[in-house]
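Analysis of the macromolecular model
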Amino acid sequence: MAAPAPAGAIAADGRALSIRDLVKEYRPGQPVLAGVSLEIAGRGLTAVIGPSGAGKSTLIRCINRLVEPTSGRILFLGQDLAALRGAALRRARRHIGMVFQEYNLVERLSVMENLLCGRLGYVSAFRAWARRFDPADIERAFALLDTVGLGDFANRRADALSGGQRQRVGIARAVMQEPDLLLADEPTSSLDPKTAVEIMELMTRLAGARDIPVIVNIHNVELARRFSRRVIGLAGGKVVFDGVPESLTEADLNRIYGGENWQEAT
Amino acid sequence: MSAPAAAPAPAPARRDPFPPNWPARAAWGGLALYALYAASTLEVTWERFVYGLGNGARFIGRMLPPDFSKTELLLRGLIESLEIAVIASAVGILLAMPVGLMAARNLMPRWLSWPARGLIALCRSFHAVIVAILFVKAVGFGALAGILALVVSSIGFIAKLIAEAIEEISLKPIEAMRAAGASFGGVVAMAVVPQVLDRFVGFATYQLDSNLRNSTMVGIVGGGGIGATLFTAFQKFDYDFVLAILIAIIGVIFAGELLAGWIRDTFK
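In short, a report on the structure. In this text, all values refer to a predicted model and were calculated from it rather than measured experimentally.

1. Quick notes on the interface of chain B and chain A
- The interface of chain B with chain A comprises 19 residues on the first partner and 28 residues on the second.
- Counting the surface lost from both chain B and chain A, the interface buries some 2,000 Å², and carbon and sulfur atoms represent 64% of this.
- By the criterion of area lost to chain A, the three top residues of chain B are A179, A180 and M190 of chain B, representing 30% of everything that side buries.
- Close ionic contact of R108 of chain A with D198 of chain B constitutes a salt bridge, the shortest N to O distance being 3.3 Å.
- Inspection of the chain B/chain A interface yields four residue pairs in polar contact (both at pLDDT 80 or more).
- Contributions of two or more residues to the side of chain B that touches chain A are made by α7 (172-179) and α8 (184-218) of chain B.
- With eight residues, α8 of chain B is the largest single contributor of residues to the side of chain B that touches chain A.
- Residue composition of the side of chain B that touches chain A, grouped by class: ten nonpolar, five polar and four charged.

Right, here's the structure in full:
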């Protein structure tokens, strides 16, 4: 298992994530996650598939504690994320980037300002308010905008962008954190098929460049197969499939999504 | 139901497109009757009204022509009113910002939002003139009492609108910033403020406009400004000077309206 990692360079297995007996009940007695245990390697993209309501979103949000787990442990970088509070939790979150289905940008801020929001874990509220960000961060933001193909959009307002462009900003914002783990909650569900592939490629490329693990909730099984090195099937709050994408069979999909008729319709 | 172009098929049952709302009709009728009754108990009669009209005509006659000769008195009052309005708006808006943030139920825990909402309700309970009377008794005659009174009403009004604006913002960017490890202050600076800023500018200019009007009024009860001048003129039966003051106030309000519109355009 992951040893407490040094602050600087982290070996690949130092970024491994270990989820143990994770339970989440929004209402007592009705678990959305019914004891999930997973060991996720310190690199590569893991796709989590499953029907709506299977607990995918809850699972991913328990990792960075946007959702409070009811019980269980989440070990990452030598800490139990589930036990952190206050400032320690905020420090841990700085190392975990997140990409959202609806991008979650501040519509009225510029692309540059949205990117710098990724640095809010490191910048005081006053400096953020006065826009006195670290010049090195600003340099990095410009470089990152070039990387995601939005070099000319730094001063545009976020609400002037298309869906695909907004998601690029969302990814760039997450990468601005210099994260050790990237979470993505249905990052392509609001996008057209071509843009969805581009977004998955961009995420894979940027995470590969940093050599960090990625966990993606995804509805599209084909995209999951194409981009992941591991697929986890979630149904009824439990892991019902776990393996390489090549081993995912029709029978497995039926087990994950329930029933058989749905496949004929597609 | 007469429909000459009706289809050959007979209508199955008569359907009323506008069914009468009897409770509402009864309520309107009751209201009319009560108004008549109330008028009779207060001796609001036609003769009384006609007598009042004659008195009003004499009053207006004494007002004309307006007397602008006491320019210095007039200007001093107006400037003091302006100062009261601007200071009260600045201080009130500044204090209203934290109170409004604290009162926003989507960001704040109940133990903080309820006291803040209570404070807002308290500030809004009384008209500025009543608050001004209280402050005149507390701190004495003059501009200070007027400023304090308008600060109180500004806090009540602006804080309530800020709280409502914050309660309507999108929480999605806030979620993203919390996920990035942002502190609460960072979330407010980058996710809350940008989402409410342009509405806030609207509230602030409206409040400046409203304080300008109210600042002429608090003087009547001793809160300083042109209101005090107006009240004195009334008491001395200087009705031509009263009219001059009223015209000057209208001019100031009008200028304030233009200024507020200009500020709003600038910030858009």
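2. Quick word on the packing of helix α3 (residues 71-103) of chain B against helix α9 (residues 226-235) of chain B
All names here are of chain B.
- At a closest axis distance of 7 Å, the pairing of α3 and α9 adopts a crossing angle of 140°. Between α3 and α9, the angle is such that the two are oblique. For the pair α3 and α9, the contacting residues are L73, L74, G77, L78 and S81 in the first and I226, G227 and T229 in the second.
- Looking at the contact of α3 with α9 residue by residue, the classes come out as four nonpolar, four polar and no charged.

3. Observations regarding the pattern of salt bridges
Residues and elements named next belong to chain A.
- The full count for this structure, using the stated rule, is 28 salt bridges over all chains.
- Across the pair R119 and D137 runs a salt bridge, and its minimum N-O distance is 3.2 Å. You can see R119 sitting in the loop between α3 (111-116) and α4 (125-129) and its partner D137 sitting in helix α5 (residues 135-147), a full 18 residues away along the chain. By the burial criterion, R119 is buried, and D137 matches it.
- Ionic contacts of the salt-bridge type, sharing partners, join the residues R119, D137, R140 and E178 into one network.

4. A short note on helix α10 (residues 239-267) of chain B
Residue and element names in this part refer to chain B.
- Its 29 residues give α10 an end-to-end C-alpha distance of 42 Å, which sits within 8% of 42 Å, the value for a rise of 1.5 Å per residue.
- When we look at burial in α10, the residues that qualify are Y239, F241, V242, L243, A244, I245, A248, I249, I253, G256, A260 and I263.
- The inward-facing, buried residues of α10 contact α2 (46-63), α3, α8 and α9.

5. Looking at the sheet that holds strand β10 (residues 238-243) of chain A
Residue and element names in this part refer to chain A.
- Spatially, the six strands line up as an open sheet ordered β6-β7-β8-β3-β9-β10, and their pairing is mixed. For this open sheet the edge positions go to β6 (96-99) and β10, each flanked by a neighbour on one side alone. Taken over all neighbouring pairs, the strand axes of this sheet differ in orientation by 20° on average, direction set aside.
- Sitting on the sheet, helix α1 (residues 56-63) is in contact with β3 (44-49), β6, β7 (181-185), β8 (213-217) and β9 (230-235), with an inclination near 150° to β7.

6. Remarks on the nonpolar core
- Residues I49 of chain A together with I166 and M177 of chain B are the most contacted members of the largest nonpolar core, which totals 86 residues.
- Sort the elements by how many residues they give to this core and α8 of chain B lands first, with nine residues.
- Discounting chain neighbours no more than four positions away, the residues touching I166 of chain B are G100, L101, A104, N106, L107, V192 and V196 of chain B.
- With 33 residues, the next largest nonpolar core counts L17, L33, L59 and L81 of chain A among its residues.

Criteria and thresholds
Residues numbered from 1 in each chain as written. Chains lettered and ligands numbered in written order. Predicted model: local features only at pLDDT ≥ 70, side-chain atom pairs only at ≥ 80, totals over all residues. Heavy atoms only, no water. Contact = heavy atoms within 4.5 Å. Buried area = accessible area lost by both parts, 1.4 Å probe. Salt bridge = Lys/Arg side-chain N within 4 Å of Asp/Glu carboxyl O. Polar contact = N/O pair within 3.5 Å; in protein donor to acceptor, adjacent residues only side chain to side chain. Helix = DSSP H or I, 4+ residues; strand = E, 2+ residues; numbered from the N terminus. Nonpolar A, V, L, I, M, F, W, Y, C, P; charged D, E, K, R; others polar. Axes fitted to C-alpha atoms, helices over the stretch in contact; angles between N-to-C directions. Parallel < 35°, antiparallel > 145°, perpendicular 65-115°, else oblique. Buried < 20%, exposed > 50% of the residue type's maximum accessible area, 1.4 Å probe, protein only. Expected span 1.5 Å × (residues − 1). Pairing = 2+ DSSP bridges. Core = buried A, V, L, I, M, F, W, Y, C linked by side-chain atoms within 4.5 Å.

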